[in-house]
Amino acid sequence: MLNCKKTESDFTKKSTQNFTISVAAAANLRDVLEELKQIYMKENPDKKVEITFGSSGLLVQQILNGAPFDLFLSADSSFPDKLKSKNKTSGNSEIYTFGKVALWSSKANVSKGLKLILNPEIKKNRYRQSRSCTLWKKYGRSFEKNGNLFSN
């Protein structure tokens, strides 16, 4: 989810002064945002982009405590919604992308699909280690209970 405290006109104003856009973004967006930042700054040499990466929950707390971010990008819509409920946003949140789950292993046969992650022989499992992540919060408990990622 994307949320913003500046209005669209704030970003489109032509100015002779330097302009800095301050972005708070989920850590998993680092690679793509660093690339987009370079493209944006090349096309807009009078503007600067500062990006702070971290967990969405921590970034929300910083914003609620006065951190001056212009944009907030999170993988979980509940975080921008929390900011909106506290009047810390301008306008509505926007979905900027949809993700997919990928399953990969150098040793295990992944043809069984996501049920493979329940196998106790699998020692390193990012999914099991990331129970605070958005995917786990949204689907994980249901998956472990029912063996179906998309059950409620």
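### Quick look at the nonpolar core
Link 1 in the chain: With 12 residues, the main nonpolar core is built from Phe19, Ile21, Val23, Ala25, Ala26, Leu29, Leu33, Val49, Ile51, Phe53, Leu71 and Leu73.
Link 2 in the chain: At the level of secondary structure, the elements contributing two or more residues to this core comprise β2 (19-26), β3 (47-54) and β4 (71-73).
Link 3 in the chain: Top element by residues in this core is β2. It accounts for five residues.
Link 4 in the chain: Among the nonpolar cores identified, the runner-up in size contains eight residues, and Ala24, Phe69, Phe72 and Phe79 belong to it.

### Quick look at the confidence of the model for the protein chain
Link 1 in the chain: Counting all residues, the mean pLDDT for the protein chain is 75, and 63% of those residues have values of 70 or more.
Link 2 in the chain: Note on residues 127-131: pLDDT under 50 across the span, and 18 contacts to partners over four residues away in sequence or across chains.
Link 3 in the chain: Here residues 148-152 is modelled with pLDDT under 50, and outside its nearest four sequence neighbours on either side it reaches 12 contacts, counting other chains as well.

### Overview of the side chain of Ser22
Link 1 in the chain: Along the chain, Ser22 turns up in strand β2.
Link 2 in the chain: Here Ser22 is in contact with Glu50, Pro68, Phe69, Asp70 and Leu71, once residues within four sequence places are set aside.

### Some details on a nonpolar patch on the surface
Link 1 in the chain: Together, Val32, Leu36 and Ile39 make up a nonpolar patch on the protein surface, roughly 250 Å² of accessible area in all.
Link 2 in the chain: By secondary structure assignment, the location of Ile39 is in helix α2 (residues 30-43).

### Looking at the pairing of β3
Link 1 in the chain: In this structure, β2 lies alongside β3, joined through eight bridges in parallel fashion. When the sheet's bridge partners are listed, Val23 is paired in β3 with Ile51.
Link 2 in the chain: In this fold, the crossover linking β2 to β3 by way of α2 has right-handed handedness.

### Some remarks on the environment of Ile21
Link 1 in the chain: Position of Ile21 relative to the elements: it lies in strand β2.
Link 2 in the chain: Residue classification places Ile21 among the buried positions, given a relative accessible area of 6%.
Link 3 in the chain: In this structure, the C-alpha to C-alpha distance between Ile21 and Lys47, residues 26 residues apart in sequence, is 7.5 Å.

### Overview of helix α3 (residues 56-64)
Link 1 in the chain: Turning to α3, its buried residues are Ser56, Leu59, Val60 and Ile63. Looking down the long axis of α3, one finds its buried residues gathered within 105° of arc, a one-sided arrangement.
Link 2 in the chain: On its buried face, α3 sits against β2, β3, β4 and α4 (78-85).
Link 3 in the chain: One or two steps after α3, the chain reaches Gly66, where phi turns positive at roughly 105°.

Conventions adopted
- Residues numbered from 1 in each chain as written.
- Predicted model: local features only at pLDDT ≥ 70, side-chain atom pairs only at ≥ 80, totals over all residues.
- Heavy atoms only, no water.
- Core = buried A, V, L, I, M, F, W, Y, C linked by side-chain atoms within 4.5 Å.
- Buried < 20%, exposed > 50% of the residue type's maximum accessible area, 1.4 Å probe, protein only.
- Helix = DSSP H or I, 4+ residues; strand = E, 2+ residues; numbered from the N terminus.
- pLDDT = per-residue confidence, 0-100.
- Contact = heavy atoms within 4.5 Å.
- Patch = residues over 30% accessible without salt bridge, like charges linked within 9 Å, V, L, I, M, F, W, Y side chains within 5 Å.
- Areas by Shrake-Rupley, 256 points an atom, 1.4 Å probe, with all protein chains shown as cover.
- Salt bridge = Lys/Arg side-chain N within 4 Å of Asp/Glu carboxyl O.
- Pairing = 2+ DSSP bridges.
- Right-handed = clockwise from strand over helix to strand, strands pointing away.
- Arc of directions from axis to C-beta.

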